[in-house]
Amino acid sequence: QVQLVESGGGLVQAGGSLRLSCAASGRTFNTWVMGWFRQAPGKEREFVGGINRSGGSTYYASSVKGRFSVSRDNAKNTVYLQMNSLKPEDTAVYYCAADLGGGGISSLRGRYDYWGQGTQVTVSS
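This section reports on the structure supplied with the text. All chains use their own residue numbering, which begins from 1 and follows the written sequence. At least 70 in pLDDT is required for a residue's local features to be given in this predicted model, at least 80 for side-chain atom pairs to be given and counted, and no such filter applies to totals for whole chains, interfaces and linings, which use all residues. For side-chain calculations, the full set of non-hydrogen atoms in the structure is used, while hydrogens and water are omitted.

### Concerning the pattern of salt bridges
Every case where a carboxyl oxygen of Asp or Glu lies within 4 Å of a side-chain nitrogen of Lys or Arg is listed as a salt bridge. Here the structure, examined in full by the defined rule, presents 5 salt bridges. Between Glu44 and Arg109 there is a salt bridge; the shortest N-O distance is 3.8 Å. One end of the pair, Glu44, is in the loop between strand E4 (33-39) and strand E5 (46-51); the other, Arg109, is in the loop between strand E9 (92-99) and strand E10 (114-115), with 65 residues separating them in the sequence. The exposure class of Glu44 is exposed, given its relative accessible area of 61%. Where Asp99 meets Arg111, a salt bridge forms, and the shortest distance between an N and an O atom there is 3.0 Å. Taken together, the residues Asp99 in strand E9 and Arg111 in the loop between E9 and E10 connect sequence positions 12 residues apart. According to the relative accessible area criterion, Asp99 is buried, its value standing at 1%. What counts as a helix is a DSSP run of H or I of at least four residues, what counts as a strand is a run of E of at least two, and both are numbered from the N terminus. Buried means the residue's accessible area, taken with a 1.4 Å probe over protein chains only, is under 20% of the maximum for its type, while exposed means over 50%, and partly exposed covers the values in between.

### Digging into the packing of aromatic side chains
Aromatic rings from Phe, Tyr and Trp, taking only the six-membered ring of Trp, are treated as a pair when their centres fall within 6.5 Å; an angle between ring planes under 30 degrees marks them as stacked, one over 60 as edge-to-face, and anything in between as tilted. With the rule as written, the count across this model stands at 6 aromatic pairs. Their ring planes at 80° and their centres at 5.2 Å tell us that Phe37 and Tyr112 sit as a pair that is edge-to-face. Of this pair, Phe37 sits in strand E4 while Tyr112 sits in the loop between E9 and E10; the two residues are 75 residues apart in sequence, bridging distant segments of the chain. The burial state of Phe37 is the same as that of Tyr112; both residues are buried. Each member of the aromatic cluster is reached from another via a ring pair, and the members are Phe37, Phe47, Tyr59, Tyr112 and Trp115.

### Concerning the state of the cysteines
Cysteine sulfur atoms that pair up within 2.5 Å are treated as a disulfide. Following the criterion strictly, the structure yields 1 disulfide and no others. Each sulfur of the disulfide joining Cys22 and Cys96 lies 2.0 Å from the other. Judged by the sign of its S-S torsion, about 50°, the bond between Cys22 and Cys96 is right-handed. On the criterion of sequence distance, the pair formed by Cys22 in strand E3 (residues 18-24) and Cys96 in strand E9 is long-range, its members being 74 residues apart. A residue is classified by how much of its surface remains accessible, and Cys96, at 0% relative accessible area, is buried.

### Regarding unusual backbone geometry
For Asn77, which is not glycine, the phi torsion reads 50° and is therefore positive. Not every positive phi belongs to a glycine, and Ser85 is a case in point at roughly 50°. Along the chain, the position of Ser85 falls in the loop between strand E8 (78-83) and E9. In this structure Ser85 comes out as partly exposed when scored by relative accessible area, which is 42%.

Rendered as structure tokens:
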């Protein structure tokens, strides 16, 4: 059974930074592609960024590229989302997700098999 637990959300002023963490259960974490998504009120859940199994490759949505960074520590079964230069439009519930399928990084929600419960990020102007 895979469980994902996000932490690190909160309230931050525009221009500030936050780092989200996602702790995963499971003995094969280093075989999973990991993704971060977000969902703002009234909007669909959207891809933010993802990282491959080794951590050597990442992929980002254009809206966050250059500001956000995904990393992972396979020894700790944890994936991170470093968010810098935050904007009010980054306000959303952020979710981590695990893709156990064995392919590359995907931006498609349907590719991910397990999801965390989400953590709220609010950016004030």
